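# Chain and residue survey
So the chains spell out like this:
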Amino acid sequence: LQRFVGRGTALITFTGARSGREYTTPISYRRDGETVTFTTNRTRRWWRNLATQPAVGLRLAGKDHLGSARVLGIDEALPRFIELMKAQKVIARVNGVEFDDEGHPDPDQAASALETTVMIAVELDSQAR
């Protein structure tokens, strides 16, 4: 999985709610201070583990961090989703969201995309592990 890590891509490690096993998957993310946000398709199942096992590890820019994840509700998710798409234009493309002439994602298309997308925020612990 290390080959996926690069600029704008991180690895998230989480614990399976039923199995208790650790899993790692690549994510495209946006970091704002000690908060990391990312999305995944709602049909994928792995993110559901975060509801009962919110403790995660993140490999960001070559450093390992610990944090606590939570799935965002629509009101909190939409502005963060728009900011994430500005930083990671590939997320907008994947979700069929177009940009206006000033480089802003279309808010109506973004809201529609959130019907099939889950927005997750991870609050990082203050120290890298």
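Please refer to the structure higher up on the page.
Figured I'd write up the structure that's included with this text. What you see is a predicted model, and the numbers here were worked out from it, not measured in a lab.

## Quick look at the environment of alanine 17
By secondary structure assignment, the location of alanine 17 is in the loop between strand E1 (9-15) and strand E2 (22-32). Judged by relative accessible area, alanine 17 falls into the partly exposed class, the value being 39%. Taking the C-alpha atoms as reference points, alanine 17 and tryptophan 46, separated by 29 residues in sequence, lie 9.5 Å from one another. Filtering out sequence-adjacent residues up to four positions away, alanine 17 remains in contact with Asn49, Thr52 and Gln53.

## A word on unusual backbone geometry
Positive phi outside glycine occurs at alanine 61, with the angle close to 50°. Among the structural elements, alanine 61 can be located in the loop between strand E4 (55-60) and strand E5 (63-71).

## Describing the pairing of E1
Here E1 lies mainly inside the structure; six of its seven residues are buried. As paired strands, E1 and E2 are joined by seven bridges and run antiparallel to one another. When the bridges of E2 are listed, leucine 11 appears paired with proline 26. Counted between consecutive antiparallel strands, the loop separating E1 from E2 contains six residues, among which glycine 20 sits at a positive phi close to 75°. In the sheet, E1 pairs with E4 via three bridges, with the strands oriented antiparallel.

## Things to note about the packing of aromatic side chains
Per the counting criterion, the structure on display carries three aromatic pairs. Seen in terms of ring centroids, phenylalanine 14 and tyrosine 23 are 5.8 Å apart; in terms of plane orientation they differ by 25°. Their pairing is stacked. You can call phenylalanine 14 buried: its relative accessible area is 4%. By way of ring pairs, the aromatic residues Phe14, Tyr23, Phe38 and Trp46 are connected into one cluster.

## Points about a positive patch on the surface
On the surface, Arg18, Arg42, Arg45 and Arg48 cluster together to form a positively charged patch. Relative to the helices and strands, arginine 18 resides in the loop between E1 and E2. The class for arginine 18 is exposed, based on a relative accessible area of 87%.

Procedures and definitions
- Residues numbered from 1 in each chain as written.
- Predicted model: local features only at pLDDT ≥ 70, side-chain atom pairs only at ≥ 80, totals over all residues.
- Heavy atoms only, no water.
- Helix = DSSP H or I, 4+ residues; strand = E, 2+ residues; numbered from the N terminus.
- Buried < 20%, exposed > 50% of the residue type's maximum accessible area, 1.4 Å probe, protein only.
- Contact = heavy atoms within 4.5 Å.
- Pairing = 2+ DSSP bridges.
- Phe/Tyr/Trp six-rings, centres within 6.5 Å; stacked < 30°, edge-to-face > 60°.
- Patch = residues over 30% accessible without salt bridge, like charges linked within 9 Å, V, L, I, M, F, W, Y side chains within 5 Å.
- Areas by Shrake-Rupley, 256 points an atom, 1.4 Å probe, with all protein chains shown as cover.
- Salt bridge = Lys/Arg side-chain N within 4 Å of Asp/Glu carboxyl O.
- Lys, Arg positive; Asp, Glu negative; His and termini not counted.
- Charge placed at Lys NZ, Arg CZ, Asp CG, Glu CD.

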